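Inside the fold
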Protein chains: 2
Amino acid sequence: MTIFRHFYVKSHGVTEPEKINLKDLPGSSGRLDVVARCINAAFWLSGDIRRNVVFHTVLHGGEQPVYIRIEGERLRKVSPDERSISLFLKKALERMGSREETSPGIFASSRSFREVVEENKDKEFYLLEEEGESIEDMKFEGIPFFFLGDNRDLTDEEKNFLLERGARKVSLGSISYLSSHCIAVVNWWLDRKEGKHREKVI
Amino acid sequence: MTIFRHFYVKSHGVTEPEKINLKDLPGSSGRLDVVARCINAAFWLSGDIRRNVVFHTVLHGGEQPVYIRIEGERLRKVSPDERSISLFLKKALERMGSREETSPGIFASSRSFREVVEENKDKEFYLLEEEGESIEDMKFEGIPFFFLGDNRDLTDEEKNFLLERGARKVSLGSISYLSSHCIAVVNWWLDRKEGKHREKVI
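A short tour of the structure in this document, coming up. Fair warning: this is a prediction, and the values are worked out from it, not measured in the lab. (Residues numbered from 1 in each chain as written. Chains lettered and ligands numbered in written order. Predicted model: local features only at pLDDT ≥ 70, side-chain atom pairs only at ≥ 80, totals over all residues. Heavy atoms only, no water.)

**Observations concerning unusual backbone geometry**
Worth spelling out the cut-off: Helix numbering and strand numbering both begin at the N terminus, where a helix is a DSSP run of H or I of at least 4 residues and a strand a DSSP run of E of at least 2.
The phi angle at K77 of chain A is positive, at roughly 75 degrees, despite the residue not being glycine. Locating K77 of chain A in the fold gives a position in the loop between β5 (66-71) and α3 (82-95).

**Brief notes about the pattern of salt bridges**
Rules: Throughout this description, the term salt bridge denotes a Lys or Arg side-chain nitrogen within 4 Å of a carboxyl oxygen of Asp or Glu. Partly exposed describes any residue whose relative accessible area lies between the buried limit of under 20% and the exposed limit of over 50%, with all areas from a 1.4 Å probe on protein chains only and scaled to the type maximum.
A complete count under the given rule lists 40 salt bridges over all chains for this structure. Here E118 of chain B makes a salt bridge to K121 of chain B, at a shortest N to O gap of 3.9 Å. Assessed through its relative accessible area of 31%, E118 of chain B is described here as partly exposed. Of the charged contacts in the structure, one is a salt bridge between E129 of chain B and K169 of chain B, with a shortest N-O distance of 3.5 Å. In this pair, E129 of chain B is assigned in strand β8 (residues 124-134) and K169 of chain B in strand β10 (residues 168-171), connecting sequence segments 40 residues apart. The network of salt bridges with common partners includes R31, D33, R37 and E82 of chain A.

**A closer look at the relation of the copies chain B and chain A**
Our working rule: To superpose the copies, least squares is applied to the C-alpha atoms of every residue with a pLDDT of at least 70 in both. Should any heavy atoms of two residues lie within 4.5 Å, those residues are counted as being in contact.
After a rotation of 180 degrees and a shift along the axis of 0.0 Å, chain B superposes on chain A with an RMSD of 0.0 Å. In short, the pair behaves as if placed about a two-fold rotation axis. Among all C-alpha atoms of chain B, that of V185 of chain B lies closest to the rotation axis, at 2.7 Å. Take the interface residues of chain B: 100% of them recur as interface residues in chain A, which is what a same-surface contact looks like.

**What about the environment of E194 of chain A?**
Residues and elements named next belong to chain A. With respect to the helices, strands and loops of the structure, E194 is situated in the segment after α6 (179-193). Given the relative accessible area of 9%, E194 is considered buried. Remark: the alpha-carbon pair of E194 and M138, spanning 56 residues in sequence, is separated by 14 Å.

**Side note on the packing of helix α2 (residues 32-43) of chain B against helix α6 (residues 179-193) of chain B**
The packing of two helices is summarised by the inter-axis angle and the distance between the axes. All names here are of chain B. Just so we agree on the cut-off: What counts as an axis is a line fitted to C-alpha atoms, over the stretch in contact for a helix, and the angles between N-to-C directions run from 0 to 180 degrees. Note that the term roughly parallel is reserved for angles under 35 degrees, roughly antiparallel for angles over 145, roughly perpendicular for angles of 65 to 115, and oblique for everything else. Residue type decides the class: Asp, Glu, Lys and Arg count as charged, Ala, Val, Leu, Ile, Met, Phe, Trp, Tyr, Cys and Pro as nonpolar, and the leftover types, Gly among them, as polar.
The interhelical angle for the contact between α2 and α6, taken along N-to-C directions, is 10 degrees, at an axis separation of 8 Å. One way to sum up the angle between α2 and α6 is to call them roughly parallel. Seen from α2, the contacting residues are R37, C38, A41 and A42; seen from α6, they are S179, S180, I183, A184 and N187. Tallied by class, residues from the contact of α2 with α6 come to five nonpolar, three polar and one charged.

By themselves, these observations are geometric and do not establish any function.
Set out below in structure tokens:
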């Protein structure tokens, strides 16, 4: 059994592609390097891509929010390094408008956080929070959808919007981890739930 | 209680700094991007550096192996993105010979894998292997020292060298994970052992 899983990482990344300087991602892009590392953590296995993951981000660093969705099932061509992933994010911003799927598996459009949440209300929402219920005690049902911040947290308003829609707070412990490391751990934990930790993958 | 922990990642990275092109790390450097992501996973927390980690790598992509050691306790100035970490690796290769500590917390010298292992024989060795004992069943004693490959595995000879020195095989499951994700999970698992998952960090 494969558990499908969704991740949303809020981003303060820029939405004007010409601002993104691949030589200085942290300084130029509103920390798209953070999002790139989260995308790496969400999808890559050794020599493979997780087909059971969908990654969502809304970039908030421009005039209008831009929604980027990456579907593991269709993702191709991207390498796991920050530069390659960022290049595809940049392309997504350049090409959006003319088409929604800007590269295989990468989709870009003008959509807000609230719209993305509403469109996914068939999933089970989990808000990563240090003071939430321990992931070790949590029973996952349905298709889990995890929400995280980038280097900055979600706003209280965004959190409340999720909580009002049934989101449960889930904790990886009292240490404040990088979002990309949280995603690596959640992926591993869900694999464990699938029983992939003690038997060979088919 | 803080558990000190060491990680070794074998690298096929180049040892001539002029070969490292920061615009194309995967293509130019013998996959130093993999090592950079492992270093990110080993040290970074949200807004902090893990002072209880020492990271070791031996670069095998040149004529002579080069040993780089990073001590969390002394590490400063480096940012968590691949480019910044790689820049410091490049500096380490440029400066080695004239001094051992090439930047705060980063040490470079001519040393082989075997020498590094012998110098650390006071630690408890763990070899990350899919068919090892599950990390969930493992009791950790002493100062754990975890050994991993980069995008390629350690050689049988290297593995045997470790096993002859008491290394135990430890598994994160039957899926083949990226080394950087393994490090993120091991760090998290050891934090859990420290009891950091249910109480606040002091």
